[in-house]
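Coordinate inspection notes
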Amino acid sequence: MSDRKAELERKKAKLQLMRDEKKRKEEEKKKREDAEQAAAAPTSSESSDITALLQDLGIPPAGATPVSQPAKPSPASVASKEPTLSTAPVVPTSVSPQTAKKLTFSKVTQTNVPPREQVTYSKETQTPHEVLEKDDDDADSLDVAVDMQHGHMQHGHMHAMPHVEMMKPALTAEDMAALEKEKEARRRVPELSDEEKMYIMTTEEFQRFFDRSSRIMERALTEEDVQSIFVDYTGGEDGDNEGDAQAGERLKLNREFFDERWSKHRTVTCMDWSVQYPELLVASYNSNDDAPHEPDGVALVWNIRFKKTTPEYIFHCQSPVMSSCFAKFHPNLVVGGTYSGQIVLWDNRSNKRTPVQRTPLSAAAHTHPVYCVNVVGTQNAHNLISVSTDGKMCSWSLDMLSQPQDSMELQHRQSKAVAVTSFSFLTGDVNNFVVGSEEGAVYTACRHGSKAGIGDMFEGHQGPVTGIDCHTVPGQIDFSQLFLTSSFDWTVKLWSIKEQKALYSFEDNSDYIYDVCWSPTHPALFASVDGTGRLDLWNLNNDTEVPTASAIVESGVALNRCRWHQSGQHLAVGDDMGKIHIYDIGENIANPKIDEWSRFMHTLQEIKNNSSDRDDDPSSLSSMSSPLR
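Quick caveat: nothing in here was measured; it's all calculated off a predicted structure.

Time to look at the confidence of the model for the protein. With 77% of its residues at a pLDDT of 70 or more, the protein shows a mean pLDDT of 79. Across residues 67-95, where pLDDT falls below 50, the model places 10 contacts with residues more than four positions away in sequence or in other chains. Overall, residues 620-629 carries pLDDT values under 50, and its contacts beyond four positions in sequence, including any with other chains, amount to 13 contacts.

This is how it looks when you write it as structure tokens:
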């Protein structure tokens, strides 16, 4: 209890000290303010001076009683000395108050009268400061310029003599003829000799100009509508829209690409659309046995934007080109895989039609035909992946093809190498891919990691696998685990990397099926081509037994390759006679509805249920023993 009281006493003492300190500060502040006010107040002498000045001006000081006007001093006193203020009291002489005088501002106007200007003239000849160059036609003219003697300007005016020129004399007929001859001689282009013409034609500048100009003129001559014919692909969306009239047509042949020299008697081996220039299509061709002096391998770049029938660019090499593609992140480069095993690289900025780079024919690279090339990765980190029929996979940098950055042998369970005929990377994946082989098996593979090489094997085809393609359409449901294969056994099969058996087998064809490809926009749509010249479109949401639309080329030749345009509105088909057919896909087929993804999920579930029922029924297994019908 005593501690509590002591603590209270300490707090009271502390509080009293704080109050005293606050009171002391307030007193000091008040003293400081009083001192400042006293310093700011005028002294008595200053006050008397101000009062005297105001009285001199006739203004009474504040609080003073008005007084009468004091007596005016005499003029003599004013002239002799200055007036002084008297401090003696003044006795008022009049009782009437005097009003204060009011001061106002007055406006002062200043006038400056300039002196009279004295102008004098002298009779003499002046030489101008600048001598003007005259043409021969003005040689007879007289130019007289007279300046002022002093040559300067006063008040913005200059006095000078007028400018006088003599009139040109009239030209006679002979003079006119002479002038015309002289102008004609100036316009006449000197005649070049044959050697000079050949030299100009062989220069790089002329070849670049001629190549560019001829391409533009060819576009202009074949176009009916006004379009941009000045597109430069070395350095740009197909705007045609046929309207609702074509929306009801499922498959319509738009145009065909064929070159008499470079396409005739050559098989279309591969095709690819450009990502940067969607109107460009590159197609590779093998050798022409009827033209032994022509290059064995050819790659042509076609343009669907213009109606010209000749290729945009022509590339060739000394070995048949079995695969080709645009370098995804380098729009000027075209990659080709050859039958000899070389990887060749063309550049459309070069004036040469031959490759600007090629891989060596050595054990470090490919020594067997390359049927698979593709550029995977991102803008800042990408590689060229190639696979040959001996099972060797190489990874290349497009900047240096002298040796691969990485290589790997594709072998299943350390047995013999896989003879790869086709491959496809999973959507958005640069590490995992699937390959088709000559023996009919399909494999999953991996580039890096602990499971690098061949992974799982999928058996089902009874012949070589000719085409393989992974599902690439994004949407509400992920179908990236699905892929399609085509084979010589007349079937197309639907697979999932999560299941060893094929989900479904499409068996409506009666010949070799050479290629299959998913639509890039519709989740349940794919295309296939066969040896009878038949193109099929399958919409699995509508029917899985028969194709939704079919078309047969008129000549009845075999169709080797098919590639969808990234818009999903066009389909390129190549045959074994070197001709490329461009088909337009009807909007009712190409454009997916909102519920296509969910419907496709139900379709896959029904396919799996039916497959389970067939496995449980022994009688169905005997009917499936032969793949050919």
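The next subject is the side chain of S284. Within the fold, S284 resides in strand β3 (residues 280-285). Within the local environment of S284, its side chain forms a polar contact with the side chain of S324, the two groups lying 3.4 Å apart. Setting aside its immediate chain neighbours within four residues, S284 contacts T267, V268, T269, C270, V298, A299, V321, M322, S323 and S324.

What follows is about the pairing of strand β12 (residues 392-396). Within β12, 5 of the 5 residues are buried, leaving the element largely enclosed by the surrounding structure. Neither face of β12 is left uncovered, since the one carrying K392, C394 and W396 and the one carrying M393 and S395 both have all their residues buried. Strand direction decides the pairing type here: strand β11 (residues 382-388) and β12, joined by 4 bridges, are antiparallel. Its bridge partner lying in β12, L384 is registered against W396. Linkage of β11 to β12, two consecutive antiparallel strands, is achieved through a turn of 3 residues, within which G391 is found at a positive phi near 85 degrees. In terms of strand pairing, β12 meets strand β13 (residues 406-409) through 4 bridges, oriented antiparallel. In the sheet register, C394 faces β13, and the bridge partner there is S407.

For the rest of this paragraph, the subject is the pattern of salt bridges. This model, assessed by the stated rule, comprises 14 salt bridges. The closest approach of N and O atoms between R534 and D536, which form a salt bridge, is 2.7 Å. Like D536, R534 is buried. Taken together, the shared-partner salt bridges connect E21, R24 and E28 into one network.

Here we take up the sheet that holds strand β16 (residues 442-446). Taken together, the 4 strands give an open sheet; going across it, the order is β14-β15-β16-β17, and neighbouring strands pair in antiparallel fashion. Both edges of this open sheet fall to β14 (420-425) and β17 (453-458), since each of them pairs with a single strand only. The mean inter-strand angle of the sheet, taken between neighbouring strand axes irrespective of direction, is 30 degrees. Alignment of β14 against strand β15 (residues 432-437), held across 5 bridges, turns out to be antiparallel.

Of all 6 residues making up strand β6 (residues 321-326), 6 are buried, and the element is well covered by its neighbours. By the bridge criterion, 5 bridges tie β6 to strand β7 (residues 333-338) in an arrangement that is antiparallel. Counterpart to S323 in the pairing with β7 is G337. The turn joining β6 and β7, which pair antiparallel and follow one another in sequence, is formed by 6 residues.

To continue, consider the environment of V435. With respect to the helices and strands, V435 occurs in strand β15. Counting along the chain gives 50 residues from V435 to T485, while the straight-line C-alpha distance between them is 9.6 Å. What V435 contacts, discounting residues up to four positions off in sequence, is V420, S422, F423, A441, V442, Y443, I454 and I468.

Reading guide: rules and limits
- Residues numbered from 1 in each chain as written.
- Predicted model: local features only at pLDDT ≥ 70, side-chain atom pairs only at ≥ 80, totals over all residues.
- Heavy atoms only, no water.
- pLDDT = per-residue confidence, 0-100.
- Contact = heavy atoms within 4.5 Å.
- Helix = DSSP H or I, 4+ residues; strand = E, 2+ residues; numbered from the N terminus.
- Polar contact = N/O pair within 3.5 Å; in protein donor to acceptor, adjacent residues only side chain to side chain.
- Buried < 20%, exposed > 50% of the residue type's maximum accessible area, 1.4 Å probe, protein only.
- Pairing = 2+ DSSP bridges.
- Salt bridge = Lys/Arg side-chain N within 4 Å of Asp/Glu carboxyl O.
- Axes fitted to C-alpha atoms, helices over the stretch in contact; angles between N-to-C directions.

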